[in-house]
Amino acid sequence: PYPTLFRSTGTVTQVAVRLDITHTWDADVDIFLRSPNNTQIELSTDNGGGGQNYRNTYFTESATVLVTAGVAPFNGMYLPEGNLMSFDGGPANGNWVLTAADDLSGFVGILNAFTLSLCVQP
């Protein structure tokens, strides 16, 4: 898991995630985001078939393409499999954890970059 610590006393009104993952078989990649109050959503699991990589990939509520309809290499904006609005009203303050894992053995991946953007209401 890759934690990011936010220090804000406000509540979340919107969440966006940017990823850059190098992986040789995207269909094995499972990606989840967990908030400080343990709300967890699925960003993407087992998508992309035998394609490779998530390059400059954004998960945002304003996207129009579901990640399940996307094609690897994933690049651009996607709606995640879970609902990012599940984080709305929760605390911004604390550890946010991104989990990216290969659910089968034999392939190697690297999380090159992870950016979490929060809109917060004081």
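See the structure shown above.
From a predicted model like this one, the values you see are computed outputs, not experimental measurements. (Residues numbered from 1 in each chain as written. Predicted model: local features only at pLDDT ≥ 70, side-chain atom pairs only at ≥ 80, totals over all residues. Heavy atoms only, no water.)

### Considering the sheet that holds strand β5 (residues 54-60)
Then comes step 1: Here four strands make up an open sheet; going across it, the order is β6-β5-β2-β8 and the pairing mixed. Every other strand in the sheet has two partners, leaving β6 (74-78) and β8 (109-121) as the edge strands with one partner each. Pairwise comparison of adjacent strand axes, ignoring direction, gives a mean angle of 15° for this sheet.
Then comes step 2: Pairing of strand β2 (residues 11-23) with β8 involves twelve bridges; the strand directions are antiparallel. Bridging across to β8, Asp20 finds its partner in Ala113. (Pairing = 2+ DSSP bridges. Helix = DSSP H or I, 4+ residues; strand = E, 2+ residues; numbered from the N terminus. Axes fitted to C-alpha atoms, helices over the stretch in contact; angles between N-to-C directions.)

### Description of the pairing of strand β4 (residues 40-45)
Then comes step 1: Sheet topology places strand β3 (residues 29-34) next to β4; five bridges connect them, and they run antiparallel. Note that in β4 the partner of Leu33 across the bridge is Ile41.

### Structural notes on the nonpolar core
Then comes step 1: By size, the foremost hydrophobic cluster in this structure holds 25 residues, and its most contacted members are Val15, Val17, Leu19, Leu33 and Leu43.
Then comes step 2: Broken down by secondary-structure element, the contributors of at least two residues to this core are β2, β3, β4, β5, β6, β7 (94-102) and β8.
Then comes step 3: In terms of residue count, β2 provides more of this core than any other element does, five residues in total.
Then comes step 4: Contact partners of Val17, with chain neighbours within four places excluded, come to Leu33, Leu43, Thr57, Tyr58, Phe59, Phe114, Thr115 and Leu116. (Core = buried A, V, L, I, M, F, W, Y, C linked by side-chain atoms within 4.5 Å. Buried < 20%, exposed > 50% of the residue type's maximum accessible area, 1.4 Å probe, protein only. Contact = heavy atoms within 4.5 Å.)

### Section: the pairing of β2
Remark: a regular strand shows side chains that alternate across the two faces of the sheet.
Then comes step 1: Bridge count for β2 against β5 is five bridges, and the pairing is antiparallel. Looking at the pairing, Ala16 lines up with Thr60 of β5.

### Observations regarding the packing of aromatic side chains
Then comes step 1: Scanning all chains against the criterion turns up three aromatic pairs.
Then comes step 2: For the ring pair Phe87 and Trp96, a centre distance of 5.2 Å and an interplane angle of 70° mean the geometry is edge-to-face.
Then comes step 3: The exposure class assigned to Trp96 is buried, which follows from its relative accessible area of 0%.
Then comes step 4: Taken together, the ring pairs in this structure connect Tyr54, Phe74 and Tyr78 into an aromatic cluster. (Phe/Tyr/Trp six-rings, centres within 6.5 Å; stacked < 30°, edge-to-face > 60°.)

### Observations regarding unusual backbone geometry
Then comes step 1: With an omega of 5°, the peptide bond between Ala72 and Pro73 qualifies as cis.
Then comes step 2: For Pro73, the location among the structural elements is in the loop between β5 and β6.
Then comes step 3: Phi angles above zero are rare outside glycine, and Asn38 is one such case at about 70°.
Then comes step 4: Tracing the chain through its elements places Asn38 in the loop between β3 and β4.
Then comes step 5: Unusually for a residue other than glycine, Asn56 sits at a positive phi of about 50°.
Then comes step 6: If you trace the backbone, Asn56 turns up in strand β5.
Then comes step 7: Overall, Asn56 belongs to the partly exposed group, its relative accessible area being 36%.

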